[in-house]
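Spelled out, the chains give:
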Amino acid sequence: MDKQFKINAFRTGLAKFVTFEESEWEILTQYLSFSTLKKKEHFVVEGKVCDYIAFIIQGAVRHYHVKDGQEITGYFCFENELVSAYKSFVKRVPSTNFIQALEETQLVLIAYADLQKMLNHPLLALKMERFGRLVAEYYICCFEDRLNAFVTQSPEERYTVLEKTAKDIFQRVPQHYIANFLGITPVSLSRIRKRTLILKD
């Protein structure tokens, strides 16, 4: 996967937040960097400040916390999604969670220091301010959806939504992570999947 392909994919992904003129884009790309995470490698670790916001070109990651020695999966991100420990990134405080690659993952990165430079650049400032606002709204909506799901939906309803919105997740993510994400045991997940398949038949 060459650099230009990654840049083009990133530009397409950013278009849902903000679009750039060619002259602006040439400047912006000077601030980008690239990274490849191996399977199980961490993008963010608890206790350290997150220095990057990233766009996933290819791959998958999971957000998780550790409580009493147990991992609690909170979220998954896949291709064409932004990923960061956003509070840590913005506020420059240690992260309270981990972000780990579930498979080899290709990322386009914007470093915090470079984002500040773009926010102060006369040609990029306004659009990067808009980008920052819309990304914040995106994270707030994701958090609200996640919270509402646990308050208003049964585990089976949460499973059905996940199946519709992330169709290949069951081929790409270990079952115990999915069960943890849904707030159920792997055995309960297996039962829900069987019931769902029977109803489809």
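Right above here is the structure, for reference.
Procedures and definitions
- Residues numbered from 1 in each chain as written.
- Predicted model: local features only at pLDDT ≥ 70, side-chain atom pairs only at ≥ 80, totals over all residues.
- Heavy atoms only, no water.
- Helix = DSSP H or I, 4+ residues; strand = E, 2+ residues; numbered from the N terminus.
- Rg over C-alpha atoms; globule rule 2.2 N^0.38 Å.
- Buried < 20%, exposed > 50% of the residue type's maximum accessible area, 1.4 Å probe, protein only.
- Contact = heavy atoms within 4.5 Å.
- Areas by Shrake-Rupley, 256 points an atom, 1.4 Å probe, with all protein chains shown as cover.
- Lys, Arg positive; Asp, Glu negative; His and termini not counted.
- Charge placed at Lys NZ, Arg CZ, Asp CG, Glu CD.
- Patch = residues over 30% accessible without salt bridge, like charges linked within 9 Å, V, L, I, M, F, W, Y side chains within 5 Å.
- Salt bridge = Lys/Arg side-chain N within 4 Å of Asp/Glu carboxyl O.
- Disulfide = S-S within 2.5 Å.
- Axes fitted to C-alpha atoms, helices over the stretch in contact; angles between N-to-C directions.
- Parallel < 35°, antiparallel > 145°, perpendicular 65-115°, else oblique.
- Nonpolar A, V, L, I, M, F, W, Y, C, P; charged D, E, K, R; others polar.
- Pairing = 2+ DSSP bridges.

K.L.:
Pulling in residues and values, what's your account of the overall build of the protein chain?
P.N.:
Broken down by element type, the protein chain carries nine helices and eight strands. Taking 201 residues into account, the globule formula puts the C-alpha radius of gyration at 17 Å, and the protein chain, at 18 Å, falls close to it. Every one of the 201 residues in the protein chain was classed for burial, and the buried ones make up 44%. Here the analysis covers contacts within the protein chain between residues at least 6 apart in sequence; of these, 72% occur between residues at least 24 apart. By element, 55% of the accessible surface of the protein chain is carried by carbon and sulfur atoms, the whole surface being about 11400 Å². Counting 27 positive and 24 negative side-chain charges, the protein chain places the averaged centre of each group 5 Å from the other.

K.L.:
Which residues make up a nonpolar patch on the surface, and what are the values?
P.N.:
Together, Phe143, Leu147 and Val151 line one region of the surface with nonpolar side chains, adding up to about 350 Å² of accessible area. Turning to its location among the elements, Val151 is positioned in helix 5 (residues 125-152).

K.L.:
How would you explain the state of the cysteines if you had to name every residue and give the values?
P.N.:
All told, the structure shown has zero disulfides when counted by the stated rule. Looking at the unpaired Cys50, the closest cysteine sulfur is the one in Cys77, lying at 12 Å. Residue Cys50 is classed as buried on the basis of its relative accessible area of 4%. Here Cys77 stays unpaired: no disulfide links it, and the sulfur of Cys142, its closest cysteine neighbor, is 7.4 Å away.

K.L.:
Provide a residue-level description of the side chain of Glu81, including the pertinent values.
P.N.:
When you line up the elements, Glu81 lands in the loop between strand 5 (70-77) and strand 6 (82-83). Buried charge without a partner: Glu81 forms no salt bridge, and the closest opposite charge is Lys16, 6.4 Å away. Excluding its chain neighbours within four sequence positions, the residues that come into contact with Glu81 are Ala54, Phe55, Ile56, Phe76 and Tyr138.

K.L.:
Explain the packing of helix 4 (residues 112-119) against helix 5 to me, using residue names and the numbers behind them.
P.N.:
Where helix 4 contacts helix 5, the axes come no closer than 7 Å and their chain directions differ by 130°. As judged from the angle between their axes, helix 4 and helix 5 are oblique. Along the contact surface, helix 4 presents Leu115, Met118 and Leu119, while helix 5 presents Ala125, Met128 and Glu129. Partitioning the contact of helix 4 with helix 5 into residue classes produces five nonpolar, no polar and one charged.

K.L.:
Give a detailed account of the pattern of salt bridges, specifying residues and quantitative values.
P.N.:
Any two side chains of opposite charge can pair, so long as their charged atoms come close to each other. Following the criterion strictly, the structure yields 10 salt bridges and no others. With a closest N to O distance of 3.0 Å, Arg172 and Glu79 form a salt bridge. Residue Arg172 is located in helix 7 (residues 169-172), and its partner Glu79 is located in the loop between strand 5 and strand 6; the two are separated by 93 residues in the primary sequence. Judged by its relative accessible area of 27%, Glu79 falls in the partly exposed class. Bridged by salt links that share partners, the residues Glu79, Glu103, Asp168 and Arg172 form one connected network.

K.L.:
Would you mind going over the sheet that holds strand 3 (residues 52-58) in detail, with residue names and values included?
P.N.:
In any sheet, the strands associate via hydrogen bonds between backbone groups, in a parallel or an antiparallel arrangement. Across the sheet, four strands lie side by side as 1-8-3-6; this open sheet has antiparallel pairing. With partners counted over all chains shown, the strands left at the sheet margins are strand 1 (32-37) and strand 6, one partner each. Judged from the two bridges that link them, strand 3 and strand 6 form a sheet pairing that is antiparallel. By the bridge assignment for strand 6, Ala54 is matched with Val83.

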